[in-house]
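# Descriptive structure summary
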Amino acid sequence: MSRRSRWWWTVALVVSSAGLAYDLTLTNTGFGWFSSGYCPARDLYDSATALWWPARAYLPLAWYAGLPGVVLAFLVHWAAIRRGRPRAGRILARVAVAPLLVLYGLAPLAFAFDIARDAQCLDRWGGSPGVGLFIVPDTVAVVAALCALAAVRVPRHRAGRLLRSVTRLRWARRSAVPLAALALVAFLPVADLAAGGIIRRPCELRPVEGSASGVFDVLPFGTGERAFLCDARAGGRFRSVSDRDLIAYGRAVCDAYRPGGSDQYFAAAICPPVEADLRRRKAAEEAEFHAREAADQRVCDAARHRPLTRPVRVMRTRMGTDYGVIESFETEEAFDDDLLRSMAPGDLVAAVPGHLIILTHSDFDNCLTAELYRRRPPVEVKGWDRVVEIGYQSPTGHIGLMDSMVGESDLPDLALGGKGRYRVRVHYREPEWEAGTPQHLLIMVYPGSGRRTVEYLPGS
């Protein structure tokens, strides 16, 4: 074995061992990533992972950052030279390390391609933690495999002699020119459609500052051709269209735009009429939202309850729900997943110790009033569609009603006397279906040991 070969084998074994040591430090490493940019190599890597990882798991040569493959290649090369068969040693060593290049080479190549194309793809690869978890170990295995191949490579003068012998062949000289022309023809369409000069920052929707409606500002980041390209290519659109053709298309869309259209919004950065229409629509939507909010609040204010006896505390709020469920569960152990399923479609309220549920219509807000009493208040049924009273046991002394999907209470604690038994009387008035105004809830809570459920009917 030559001095050059021994040096390369030393480097290969040291690098592979270092890769194994590095892998052992990643046992408890975790991270997450998010990116809205188009990173094709990352998508290719994700698709290939389904094939690559099982192969790594079932091929012992690829375990431990490829160290077994490098060690085996060294041993067979050294043994073959000792037996006077260097050519067989070179072949077997290449066979041992070739799988490492296939199984570990994709991640470094894909990462290099994405970063060279768009630096924002670093986030798509998980940022610095992702590089340390995916790219570094694979790169180490690839470097070790390349060092092993360098240790058994054919000397330069032999490689040159092999190349000259191939070029002397008549079929090789005849096929060179047609192959070059074919390659040129194959790459011309790609060059003609090359994106070139694409903005390197992905476009994302931005919430309107100070907006209570959650309306999204779909206007682009700035104006001009670069902003238009950024907005048009967001989400991977127009990938096969050159910048020049895409800008020409945007100009044509702008010329054909008529107020009220929606499919031309991507051209707002280079089309003032589209941008102006967008701003008008956003302003009209904001105004409509605030007007609806004010009208619903006026409905709640006009229907404030006037109690027959003075409560200890009164709380009011306007609450919306995703599924029409308002509930309170005081502990995770008290949460009863079967309680909601046990309620019939017409039920208004149900409870078990530590878990209280009130059902309303999910498409309308609730004008909700809670009144706390120290003793039983008079029954009121006039003006209400349903009045139902149940017994409830509070194991912790904290009753906080909330939208079941939000997880935060819109009302303070309703358990006035701490933990113990209470009576909860729920009054419900349907919304104005045609006008779409809110529905009304009045909840009276007072101490009481009764457990039976009572529904008060009009006239009772």
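Relevant structure appears above.
In this text the structure is predicted, and so the values were computed from the model without any measurement. (Residues numbered from 1 in each chain as written. Predicted model: local features only at pLDDT ≥ 70, side-chain atom pairs only at ≥ 80, totals over all residues. Heavy atoms only, no water.)

Of regular secondary structure, the protein chain possesses 13 helices and 12 strands. The buried share of the protein chain, taken over its 460 residues, is 38%. Considering only intrachain contacts with a sequence separation of at least 6, the fraction spanning at least 24 residues in the protein chain is 72%. Accessible surface, the protein chain: about 26300 Å² in total, of which carbon and sulfur atoms supply 59%. (Helix = DSSP H or I, 4+ residues; strand = E, 2+ residues; numbered from the N terminus. Buried < 20%, exposed > 50% of the residue type's maximum accessible area, 1.4 Å probe, protein only. Contact = heavy atoms within 4.5 Å. Areas by Shrake-Rupley, 256 points an atom, 1.4 Å probe, with all protein chains shown as cover.)

Before going further, it helps to examine the packing of aromatic side chains. The description of an aromatic ring pair uses the distance of the two centres, along with the angle that the planes make with each other. Inspection of the entire model under this criterion finds 4 aromatic pairs. Relative to W8, the ring of W7 lies with its centre 5.0 Å away and its plane at 85°, an arrangement referred to as edge-to-face. Residue W8 is classed as partly exposed on the basis of its relative accessible area of 27%. Ring plane angle 70° and centroid distance 5.5 Å describe the contact between W9 and F74, whose orientation is recorded as edge-to-face. Residue W9 is found in helix α1 (residues 3-24), and its partner F74 is found in helix α3 (residues 63-82); the two are separated by 65 residues along the sequence. Take F74: its relative accessible area is 23%, and that puts it in the partly exposed class. Here R429 stacks its cationic end above the ring of W384, 4.2 Å away from the centre of that ring. (Phe/Tyr/Trp six-rings, centres within 6.5 Å; stacked < 30°, edge-to-face > 60°. Lys NZ or Arg CZ within 6 Å of the ring centre and 35° of its normal.)

All right, on to the side chain of H355 then. Structurally, the position occupied by H355 is in strand β6 (residues 355-359). For H355, the contacting residues outside a window of four places in its chain are E327, S328, F329, A334, F335, D336, L339, A350 and Y392.

On to the sheet that holds strand β3 (residues 313-319). What the 6 strands build is an open sheet, ordered β3-β7-β11-β10-β8-β12; its pairing is mixed. Of all strands in the sheet, those bounded by a partner on one side alone are β3 and β12 (454-456). Going from strand to strand, the sheet's axes swing by 20° on average, the running direction of each strand aside. By the bridge criterion, 3 bridges tie strand β8 (residues 386-394) to β12 in an arrangement that is antiparallel. Directly across from E389, in β12, lies its bridge partner V454. Strands β3, β7 (366-372) and β11 (439-447) of the sheet are contacted by helix α12 (residues 272-302), whose axis makes an angle of about 150° with β3. (Pairing = 2+ DSSP bridges. Axes fitted to C-alpha atoms, helices over the stretch in contact; angles between N-to-C directions.)

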